[in-house]
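Residue-level structure breakdown
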Amino acid sequence: QVQLVESGGGSVQAGGSLRISCTASTSSACMGWFRQVPGKGREGVAAISAGGGRTYYADSVKGRLTISRDNAKNTEYLQMNSLKPEDTAMYYCAAARTNDCYSGSWYNPRTFNYWGQGTQVTVSS
């Protein structure tokens, strides 16, 4: 069992930046970030393979959000720049059992086996 703990959420004005982090209790394979707003399903934001060599992004965040990881710290990050009010959501860290993330499945919550408790990001206009 892998425990995931997110941190770094908060409130920011549109155009601002935030970095959220997720620390795993053990080394993890493919990891990702999802977000969810009330009344909607969980949306895949970004994913990164075990070695960090492959990354995937939702079209809505390309060029603004960057996923990265530090395997020595068992931690993944999501650097969020040029934030928009529509980025407001609960952000969840996720980890899969497989080392690779795949272009056809990274955005599907069912790809991931472990989840953090979520951290709120609020962007005001």
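Residues numbered from 1 in each chain as written. Predicted model: local features only at pLDDT ≥ 70, side-chain atom pairs only at ≥ 80, totals over all residues. Heavy atoms only, no water.

A general tendency of soluble globular proteins is for nonpolar side chains to be buried together. L4, W33, V45, L78, M80 and Y91 are the most contacted members of the largest nonpolar core, which has 36 residues in total. Only β3 (18-24), β4 (31-36), β5 (43-48), β6 (55-57), β7 (65-70), β8 (75-80), β9 (89-95) and β11 (119-124) provide two or more residues apiece to this core. The element contributing the most residues to this core is β9, with five residues. Leave out the neighbours within four places in its chain, and Y91 touches E6, I20, W33, F34, R35, V45, L78, M80, G118, T119 and V121. (Core = buried A, V, L, I, M, F, W, Y, C linked by side-chain atoms within 4.5 Å. Buried < 20%, exposed > 50% of the residue type's maximum accessible area, 1.4 Å probe, protein only. Helix = DSSP H or I, 4+ residues; strand = E, 2+ residues; numbered from the N terminus. Contact = heavy atoms within 4.5 Å.)

Inspection of the entire model under this criterion finds five aromatic pairs. Where F34 meets F112, the ring centres are 5.3 Å apart and the plane angle is 80°; that geometry is what we call edge-to-face. Taken as a pair, F34 in strand β4 and F112 in the loop between β9 and β10 (114-115) lie far apart in primary sequence, 78 residues in all. Both rings, one in F34 and one in W115, keep their centres 5.1 Å apart while their planes meet at 65°; by these two values the pair is edge-to-face. In this pair, F34 is assigned in strand β4 and W115 in strand β10, connecting sequence segments 81 residues apart. Relative accessible area serves as the criterion here: at 0%, F34 is assigned to the buried category. For W115, a relative accessible area of 27% corresponds to the partly exposed category. Pairwise contacts between aromatic rings join F34, F112 and W115 into one cluster. Taking the ring centre of Y92 as reference, the NZ or CZ of R42 above it sits at 3.7 Å. The lysine or arginine in question, R42, covers the ring of W115, its NZ or CZ lying 4.8 Å from the ring centre. (Phe/Tyr/Trp six-rings, centres within 6.5 Å; stacked < 30°, edge-to-face > 60°. Lys NZ or Arg CZ within 6 Å of the ring centre and 35° of its normal.)

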